[in-house]
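Below, each chain spelled out in residue letters.
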Amino acid sequence: MSVSEAAVPGEEVGRVKAKDPDIGENGLVTYNIVDGDGIELFEITTDYETQDGVVKLKKPVDFETKRAYSLKIEAANVHIDPKFISNGPFKDTVTVKISVEDADEPPMFLAPSYIHEVQENAAAGTVVGRVHAKDPDAANSPIRYSIDRHTDLDRFFTINPEDGFIKTTKPLDREETAWLNISVFAAEIHNRHQETKVPVAIRVLDVNDNAPKFAAPYEGFICESDHPKALSNQPIVTVSADDQDDTANGPRFIFSLPPEIMHNPNFTVRDNRDNTAGVYARRGGFSRQKQDFYLLPIVISDGGIPPMSSTNTLTIKVCGCDVNGALLSCNAEAYILNAGLSTGALIAILACIVILLVIVVLFVTLRRQKKEPLIVFEEEDVRENIITYDDEGGGEEDTEAFDIATLQNPDGINGFIPRKDIKPEYQYMPRPGLRPAPNSVDVDDFINTRIQEADNDPTAPPYDSIQIYGYEGRGSVAGSLSSLESATTDSDLDYDYLQNWGPRFKKLADLYGSKDTFDDDS
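As the structure is a prediction and not an experimental result, all values here were calculated from the model. (Residues numbered from 1 in each chain as written. Predicted model: local features only at pLDDT ≥ 70, side-chain atom pairs only at ≥ 80, totals over all residues. Heavy atoms only, no water.)

Caption draft 1: Spatial organisation of the overall build of the protein chain. When helices and strands are counted, the protein chain shows 7 helices and 25 strands. Within the protein chain, the proportion of its 522 residues that are buried is 29%. Long-range contacts, defined as pairs at least 24 residues apart, comprise 64% of the intrachain contacts of the protein chain with a sequence gap of at least 6. Here the protein chain has roughly 35500 Å² of accessible surface; of this, 54% comes from carbon and sulfur atoms. (Helix = DSSP H or I, 4+ residues; strand = E, 2+ residues; numbered from the N terminus. Buried < 20%, exposed > 50% of the residue type's maximum accessible area, 1.4 Å probe, protein only. Contact = heavy atoms within 4.5 Å. Areas by Shrake-Rupley, 256 points an atom, 1.4 Å probe, with all protein chains shown as cover.)

Caption draft 2: Local environment of the pattern of salt bridges. Taken as a whole and assessed by the stated rule, the structure comprises 14 salt bridges. The residue Arg15 makes a salt bridge to Asp47 at a minimum N-O spacing of 3.2 Å. On the criterion of sequence distance, the pair formed by Arg15 in strand 2 (residues 12-17) and Asp47 in strand 4 (residues 42-47) is long-range, its members being 32 residues apart. One salt bridge connects Arg174 with Asp206, and the closest N-O pair in it is separated by 3.0 Å. Of this pair, Arg174 sits in the loop between strand 14 (165-168) and strand 15 (179-188) while Asp206 sits in the loop between strand 16 (195-205) and strand 17 (213-214), and the two are 32 residues apart along the sequence. (Salt bridge = Lys/Arg side-chain N within 4 Å of Asp/Glu carboxyl O.)

Caption draft 3: Representation of the environment of Val318 in the model. Turning to its location among the elements, Val318 is positioned in strand 24 (residues 309-321). Using a relative accessible area of 0% as the deciding quantity, one classes Val318 as buried. For Val318, the residues in contact, after removing those within four places along its chain, are Ile222, Glu224, Phe286, Ser287, Arg288, Gln291, Asp292, Phe293, Tyr294 and Cys330.

Caption draft 4: Molecular detail of the sheet that holds strand 4. The 3 strands are arranged 2-5-4 in an open sheet whose pairing can be described as antiparallel. Edge positions in the open sheet fall to strand 2 and strand 4, since each of these has one partner strand only. When the angles between neighbouring strand axes are averaged without regard to direction, this sheet yields 25°. (Pairing = 2+ DSSP bridges. Axes fitted to C-alpha atoms, helices over the stretch in contact; angles between N-to-C directions.)

Caption draft 5: Here's a closer look at the confidence of the model for the protein chain. Per-residue pLDDT for the protein chain averages 79, and the proportion of residues at 70 or more is 74%. For the stretch residues 334-339, pLDDT sits under 50, and the model shows 4 contacts to residues farther than four places along the chain or on other chains. (pLDDT = per-residue confidence, 0-100.)

Caption draft 6: Geometry of the side chain of Ser141. In this structure, Ser141 sits in the loop between strand 11 (133-134) and strand 12 (143-147). Relative accessible area serves as the criterion here: at 13%, Ser141 is assigned to the buried category. If we skip the residues at most four places from it in the chain, Ser141 touches Asp135, Glu188 and His190.

Caption draft 7: Region of the structure containing the pairing of strand 19 (residues 237-242). Strand direction decides the pairing type here: strand 17 and strand 19, joined by 2 bridges, are antiparallel. Along strand 19, the bridge assignment pairs Phe214 with Ala241. Note that strand 19 and strand 22 (residues 276-281) share 4 bridges and pair antiparallel. Each residue of the ladder has a partner; that of Ser240, found in strand 22, is Thr276.

Caption draft 8: Spotlight on the packing of aromatic side chains. Here the structure, examined in full by the defined rule, presents 9 aromatic pairs. Judged by centre distance (6.5 Å) and plane angle (45°), the ring pair of Phe109 and Tyr145 falls under tilted. Placement of Phe109 in strand 8 (residues 108-109) and of Tyr145 in strand 12 is noted, with a sequence separation of 36 residues between them. Looking at Tyr145, the relative accessible area reads 6%, which means it is buried. Relative to Tyr218, the ring of Phe214 lies with its centre 5.4 Å away and its plane at 85°, an arrangement referred to as edge-to-face. Members of the aromatic cluster, connected to one another through ring pairs, are Phe109, Tyr114 and Tyr145. Directly above the aromatic system of Tyr69 lies the positively charged group of Lys66, at a separation of 5.4 Å from the ring centroid. Its end group placed over the ring of Tyr280, Arg270 keeps NZ or CZ at 4.0 Å from the ring centre. (Phe/Tyr/Trp six-rings, centres within 6.5 Å; stacked < 30°, edge-to-face > 60°. Lys NZ or Arg CZ within 6 Å of the ring centre and 35° of its normal.)

Caption draft 9: Structural view of the nonpolar core. Of all hydrophobic cores here, the largest spans 23 residues; its most connected members are Val131, Tyr145, Phe157, Ile166, Val184 and Val200. Of all elements in the fold, only strand 9 (114-119), strand 12, strand 13 (157-159), strand 15 and strand 16 reach the threshold of two or more residues within this core. (Core = buried A, V, L, I, M, F, W, Y, C linked by side-chain atoms within 4.5 Å.)

Caption draft 10: The environment of Thr65, seen in detail. Along the chain, Thr65 turns up in the loop between strand 5 (52-57) and strand 6 (68-77). Given a relative accessible area of 67%, Thr65 falls into the exposed group. In sequence terms Thr65 and Pro136 are 71 residues apart; their C-alpha atoms lie 9.8 Å from each other.

Caption draft 11: Molecular detail of the state of the cysteines. This model, assessed by the stated rule, comprises 1 disulfide. Here Cys223 is linked by a disulfide to Cys321, with a sulfur-sulfur distance of 2.1 Å. The sign of the -95° torsion about the S-S bond sets the Cys223-Cys321 disulfide as left-handed. Note that Cys223 is positioned in strand 18 (residues 219-223) and Cys321 in strand 24, a separation of 98 residues in sequence. The pair formed by Cys223 and Cys321 is uniform in burial state, with each residue classed as buried. (Disulfide = S-S within 2.5 Å.)

Caption draft 12: Structural context of a nonpolar patch on the surface. Taken together, the side chains of Tyr497, Trp501, Phe505, Leu508, Leu511 and Tyr512 define a hydrophobic patch exposed on the protein surface, amounting to about 590 Å² of accessible area. Mapped onto the fold, Tyr512 is located in helix 6 (residues 506-512). (Patch = residues over 30% accessible without salt bridge, like charges linked within 9 Å, V, L, I, M, F, W, Y side chains within 5 Å.)

Here is the structure:
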């Protein structure tokens, strides 16, 4: 028989058969391996349907370790009649030789797993360690290594594909990640499908690169004045520290004041030598009115090599206490207000008053320069003010303002106010009114005539509106520019070209066109 080294346990290797001429239960046969160098690697069972002995693989075999095995198999009757025992033995043996066939196996690592170490903050390209695999086949194919990028998403490491040396690609931080686990593949160059994976654990060694700091945001208070608690053997506050580095780089913290304030007249620090320190007052007589809080710098050093240190600031407030030393109030502002307003508050109030007085004086001065009253008491309608412009006008006699009140309500004087909120029931054609003479010099008559026409016209708009005036004034050197006058004057100009300007200029063409055309249209 033969078996491949790639076969898995339980796989059938071959069959043996012992012939028994008996029938029924007397013909049943059982098989056993009684001897041989493969007794630990193979096993045999009986197929009761065919009465065959089935040889199966019990453990994996290796072609490179042993290429052939020998088994001694015994076949015996299951049931033996006692009266025929003397005719025995009722069994037989056979020798079975099994050869192991070579198979292309994947590479094998020399260790089931690897653990390497590297210091944190090591420069890129630092060697972490090496993995090694070989081809178990007789061909001994070359091996190529690679990192499973699913286990190294941040690409912290790289591996030499030929010799398996693992290196860093960037500095590592132990405080961020103390252990990194990756997987490395080993594959045959000529057959990439033959691949094996091994786990690699990388420990990041600690370097003393973090200084100790306060374990919490501490704050102390001290009783003011000459209270017994202001100066006692009890610490104002007890502080402790915390270090992100490993315990090997700072299990012992040292607390002290900075050298420049070592002889601080107010407070002192006593190291308790158990990674804590107490802050004590050196004097009494603290007052919130003089100073309501103090900032005390404290230097904390660790025991690493080289040691790291940092300066942390402790805030100590001066507070009011009762006779038992219990805290009452640390609000310095409330304490000051009870005694009255401070000098700064009085100065601020006086400054505001002075500023207001200066603003009032400036405002009054500016109003006097303009010679205008602060408040307009006149009850006249502002619409009766006429604003004149430098437009082309009549002349020196045309600069006087007329009473606009007459234009606003010319019939109000007579007591007649037309209804402006009722739509006329009948539609009348506008009747031509009296056209004032072009050379008339009475503007009042001209305007009243137009107003009377509008009031008597039921189809006129509800509001009186005079927009066109045919009077240019007296004494103008330019003469009259009224279209009413020019319409009755003979002109040598030819305006027939207005007929060709389209419907938008039809009205203008009718007014200034030729006389024949005007007569025809009328």
